[in-house]
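What the coordinates show
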Amino acid sequence: MLNRYRHLHKKISHKLFIFLILTSFIPIISLVNVTKISMENQLGQYKQKEINHYQEHFLFNLRKYQDHINLIVYDYSYWEESYEKTATEDIEWLKYNIVDWLPSHFNFSYTAVINPSGSLLLENIEGFYNITSMIEVFENTNFKLQNTSDFILLNDELYMMTLQPIKSEENNNLISGSIIVLEKIDEAFLLEHISFPNLTTNMYVNARLVKSNPNLEKHLENTFINDFDNHLLEGSLYHYIPIKNLNGDLLAYGILEIPYGFYRQAFNTLKGYQISTFLLVLVFFTLAYYFMKKYLLDPINHAREVITEIKLTKKPIPINIYSDDEIGELALSFNELALEINKQHEHLKKLALTDDITSLYNSRYFSEYLDGKIQLEKTFILAILEINFMKSYINLFKRNEADCLLKEIGNAIEDLEAPIAFRLSDATFAVIFNNNDISYATKWVKQFQKSINLLNFEGKAHLPPDLISVSAGISAFPKEAKSKDLLLKLTEEKLHNAKAFTLQQIGSYFSILHGNLYRDFNSYEDIYSIIRILLSVIHSMDQYTLFHSENVTRYALEIGMKLSLPLHQMEELKYGALLHDIGKLQLGSVLLNKVGKLTEEEIEHIKLHPLHGVNILCSIPKLQDILPIIKHHHEWYNGEGYPYGLKETDIPLLARIVSVADAYDSMTTRRPYRSYSKTHEEAISELLRCSGTQFDPEVVDVFIKSASI
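Residues numbered from 1 in each chain as written. Predicted model: local features only at pLDDT ≥ 70, side-chain atom pairs only at ≥ 80, totals over all residues. Heavy atoms only, no water.

1. So, the overall build of the protein chain
The condition is simple: Here a helix means four or more residues in a row that DSSP labels H or I, a strand means two or more in a row labelled E, and each is numbered from the N terminus. Contact definition: two residues touch when any of their heavy atoms are within 4.5 Å.
Regarding its fold elements, the protein chain presents 26 helices and 15 strands. Put simply, 62% of the contacts in the protein chain that link residues at least 6 apart link residues at least 24 apart.

In structure tokens, the structure reads:
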């Protein structure tokens, strides 16, 4: 081995000497010639590249603002109230909320509302719609009551035009009219939306410049313009960009005025590059010695050191030499051998740590990994997932078919890019998220639930729908538990509670029965035990009511934080939400858990539960402040609720908050008398529909924008 190195050292030294002689003058000659020949070509390419860059940005800014208009008009056209008011031709409402509102708040030049036949209902500039050029535009089929965005010419002025049909949210086939918005492209528009540093922008419309430029106007009188033309005039380069409508008709030209000094600056840059090239040649010989030492002599010494280290450690260590000569070939062969040995080592290590069916990490590594995470004392989220009825599936079908399903489940976890996942048993998996964001982990689990529901596996057609589904428990370290045992126990308890209520639930928060989650407000600490006893009684009669009360509390507190409520109101909101259904104790477990439709008499009986709740708690002095929440959380914003028919701000704010949170959780949760529940999107749509009638619009808006939902 040492003789081979000596031979290679001598051979490469001779090659290096010849290489230095032959290449000493080549860089000087080639660099000078290449720089001289390519100087003008580089300047021209640089010039055209900059022109193309500004042209793309000019068109991009036009499209961007056009998209901005489209988005605003789209929001107003799909507003259910817009549909109803247009259909009934409520001129006063249309004037305030659309025709006057859009120009005053978004600086649009013109806004109008027309009916399905194209007749004008209202406009912000009287008489504008009925001018001859506007009528001609609407004879074009591109603008007949369909989503349209284009450039148009009206009275020798260029406009951006957007037309959006006003449709019903419930049935998109129903159209009550259209909203028209025009934005005039004038000098103010160019300054605000189409401007660049060191450049001037302009528009040429109907042989007239939008921004005054006498010299350019005189030049254009005697010049025929082609698309994307360039010409020099008084030290500036003018570039013309065609503006066309959807039919391809040329309407105007955008103009970029680029100072010619800009290109003189580019020339100076290239000249500096030439000087730098000559300076690089001067230091060539110094670098040659450095090259010889670093890339030839040092690698040989490095290889000797690696061989010595391998002898001592008995581990394959790669040689960091990459070249096409003899040393490189020797290093490559050695590294290939080291890589193969390392692959075999990693393969054996992986077999010991991973599950052979799903390729996820196994339970043994889960325990080791969890120990390591806890020792680091960094925040993380643990999710334990259980595949419902997986054990029954394994007993019903062959082991091969069960293994195929488990493999598909493992693939689903990997497809969702979990940070690190484990298979703990036939039906149980775990995922660890390296952050403290419970909401992110919850969203990930929901995506996983959807993936499992969409799986196609052997025997699925013969099983009840969604039988193979996912329940989960989610906990945060160290926020909720500060040790491994407590973290596992808490997460498994959440999983158990989620399964006990209904399949595919996610237990991602503390229950009141866990202990101290709600003991963060001092005012209620002395009666905390009483509250726990009351909720335990509810739990014994109707597990749903407790689960529902905790959900309502979570949603209500989120709204309260978004509204920046003071601390004392947050106290009242938390305990008022927890106990808002305490009056159901008077209804009895039979009525609470009844399967099937309720009778009119039963419904009227249930409507008394707010008053029952007040009667239960009125004798406890410390709970007097939360009685208005319990009493009025079923009042409607329009006064049609119960028990007193209060309306708007006569209803206490905290009761209005609980009303929204209560309705959302009721809609998205299964009940004994209802086998289905609404999706999040369906529930939000229902809240919006009832905003202003059943619910306070401001509270609904805050709830929908809440990040934790």
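2. What to know about the pairing of strand S11 (residues 380-388)
As a reminder, the rule being used: In this scheme, a residue with accessible area under 20% of its type's maximum is buried, one over 50% is exposed, and one in between is partly exposed, where area comes from a 1.4 Å probe on protein chains only. Strands were regarded as paired on the criterion that DSSP finds at least two bridges between them.
Counting buried residues in S11 gives 9 out of 9 residues, a clear majority hidden from the surface. Residues of S11 alternate between two faces, with Phe380, Leu382, Ile384, Glu386 and Asn388 on one and Ile381, Ala383, Leu385 and Ile387 on the opposite face, all of them buried. As paired strands, S11 and strand S14 (residues 469-477) are joined by 9 bridges and run antiparallel to one another. Bridge pairing links Ile387 to Val470 in S14. Examined bridge by bridge, S11 and strand S13 (residues 428-433) share 6 bridges and lie antiparallel to one another. If you follow Leu382 over to S13, its bridge partner there is Ile432.

3. Things to note about the packing of aromatic side chains
Rule in force here: Note on ring pairs: Phe, Tyr and Trp rings are taken, using the six-membered ring of Trp, and paired if centres are within 6.5 Å. Classes follow the plane angle, with under 30 degrees stacked, over 60 edge-to-face and the rest tilted.
Taken as a whole and assessed by the stated rule, the structure comprises 23 aromatic pairs. Between Phe128 and Tyr159 the ring centres are 6.1 Å apart and the planes differ by 70°, which places this aromatic pair in the edge-to-face class. A residue pair is termed long-range when its members are at least 10 positions apart, and Phe128 in the loop between strand S2 (120-123) and helix H6 (132-139) and Tyr159 in strand S4 (residues 157-167) qualify at 31 residues. You'll find Phe128 and Tyr159 in the same group, each marked buried. Pairing Phe366 with Phe422 gives two aromatic rings, centres 5.1 Å apart and planes at 65°, and the pair type is edge-to-face. Taken as a pair, Phe366 in helix H12 (residues 363-376) and Phe422 in strand S12 (residues 420-423) lie far apart in primary sequence, 56 residues in all. For the pair Phe366 and Phe422, a shared accessibility class is recorded, and that class is buried.

4. Re unusual backbone geometry
With omega at 0°, the peptide bond leading from Phe477 into Pro478 counts as cis. Here Pro478 lies in the loop between S14 and helix H16 (484-501). Cis geometry is adopted by the peptide bond preceding Pro643, which originates at Tyr642 and carries an omega value of 10°. In this structure, Pro643 sits in the loop between helix H23 (627-632) and helix H24 (653-667).

5. With respect to the pattern of salt bridges
To keep it simple, the criterion reads: By salt bridge we mean one thing: a side-chain nitrogen of Lys or Arg within 4 Å of a carboxyl oxygen of Asp or Glu.
On inspection of all chains with the given rule, the structure shows 13 salt bridges. Between Arg656 and Asp696 there is a salt bridge; the shortest N-O distance is 2.6 Å. Note that Arg656 is positioned in helix H24 and Asp696 in the loop between helix H25 (680-690) and helix H26 (697-705), a separation of 40 residues in sequence. Comparing Arg656 with Asp696, the two get one shared label, buried.

6. Quick word on a positive patch on the surface
How we decide: Patches in this entry comprise residues that are over 30% relatively accessible and not in a salt bridge; like charges within 9 Å are linked, as are nonpolar side chains (Val, Leu, Ile, Met, Phe, Trp, Tyr) within 5 Å. Only the protein chains shown count as cover for residues, and all accessible areas are computed by the Shrake-Rupley method using a 1.4 Å probe. Positive charges come from Lys and Arg, negative ones from Asp and Glu, while His and the chain ends are left out of the count. A charged residue contributes its charge at one atom only: NZ of Lys, CZ of Arg, CG of Asp or CD of Glu.
A cluster of basic residues, Lys443, Lys446, Lys450 and Arg554, forms a positive patch at the surface. No other element matches helix H15 (residues 438-453), which puts 3 residues into the positive patch. On the basis of relative accessibility, which here comes to 59%, the residue Lys450 falls in the exposed class.

7. Some words on the pairing of strand S5 (residues 175-184)
Of all 10 residues in S5, 8 are buried, a share of seventy percent or more. Here strand S1 (residues 110-114) runs beside S5; their pairing, made up of 5 bridges, is antiparallel. When the sheet's bridge partners are listed, Ala112 is paired in S5 with Ile180. Looking at chain direction, S4 and S5 are connected through 9 bridges and run antiparallel. Bridge assignment links Met160 to a residue of S5, and that residue is Glu183.

8. Focus: the sheet that holds strand S8 (residues 230-233)
Convention followed: Angles here are taken between N-to-C directions and fall from 0 to 180 degrees, while the axes themselves are lines fitted to C-alpha atoms, restricted in helices to the stretch in contact.
Taken in spatial order, the 5 strands of this open sheet run S7-S6-S10-S9-S8, and their pairing is antiparallel. A strand with exactly one partner marks an edge of an open sheet, and here the two such strands are strand S7 (208-209) and S8. Each of strand S6 (200-205), S7, S8, strand S9 (236-244) and strand S10 (250-259) is contacted by helix H8 (residues 214-221), which is oriented at about 125° to S8, the strand it contacts most.

9. A short note on the sheet that holds S5
Working definition: the strands of a sheet are paired by backbone hydrogen bonds and lie parallel or antiparallel to each other. One open sheet accounts for 5 strands, arranged S2-S1-S5-S4-S3; its pairing is antiparallel. Bordering the open sheet on either side are S2 and strand S3 (148-154), each of which pairs with just one other strand. Strand-to-strand twist across the sheet, computed as the mean angle between neighbouring axes with direction ignored, equals 25°. Sheet topology places S1 next to S2; 3 bridges connect them, and they run antiparallel. Within S2, the residue paired with Val113 across the bridge is Leu122. Packing of helix H3 (residues 80-87) onto the sheet brings it into contact with S1, S2, S4 and S5, and relative to S5 it is tilted by some 105°. Packing of helix H4 (residues 91-99) onto the sheet brings it into contact with S1, S2 and S5, and relative to S2 it is tilted by some 50°.

10. Overview of a negative patch on the surface
On the surface, Glu81, Glu84, Glu169 and Glu170 cluster together to form a negatively charged patch. Structurally, the position occupied by Glu84 is in helix H3. By relative accessible area, which is 42% here, Glu84 ends up partly exposed.

11. Some points on the packing of H3 against H4
How we decide: Crossing handedness is read from the near helix: turned anticlockwise from the far helix by less than a right angle, it gives a left-handed crossing, and turned clockwise, a right-handed one. Only Asp, Glu, Lys and Arg are considered charged, only Ala, Val, Leu, Ile, Met, Phe, Trp, Tyr, Cys and Pro nonpolar, and every remaining residue, Gly among them, polar.
Relative orientation of the contacting elements H3 and H4 amounts to 140°, with a least axis distance of 9 Å. The two elements H3 and H4 meet at a crossing, and its hand is left-handed. On H4, the residues touching Glu81, Ser82, Lys85 and Thr86 of H3 are Trp93, Leu94 and Ile98. When the residues that make up the contact of H3 with H4 are grouped by side-chain class, the tally is 3 nonpolar, 2 polar and 2 charged.

12. What to know about H3
This is how the line gets drawn: Picture the helix axis, draw a direction to every C-beta atom, and the arc is the one those directions span.
Here H3 has its buried residues at Glu80, Ser82, Tyr83 and Thr86. When H3 is viewed along its axis, its buried side chains cluster within an angular range of 165° and face the same direction. Just beyond H3, the residue with positive phi is Glu89, at close to 55°.

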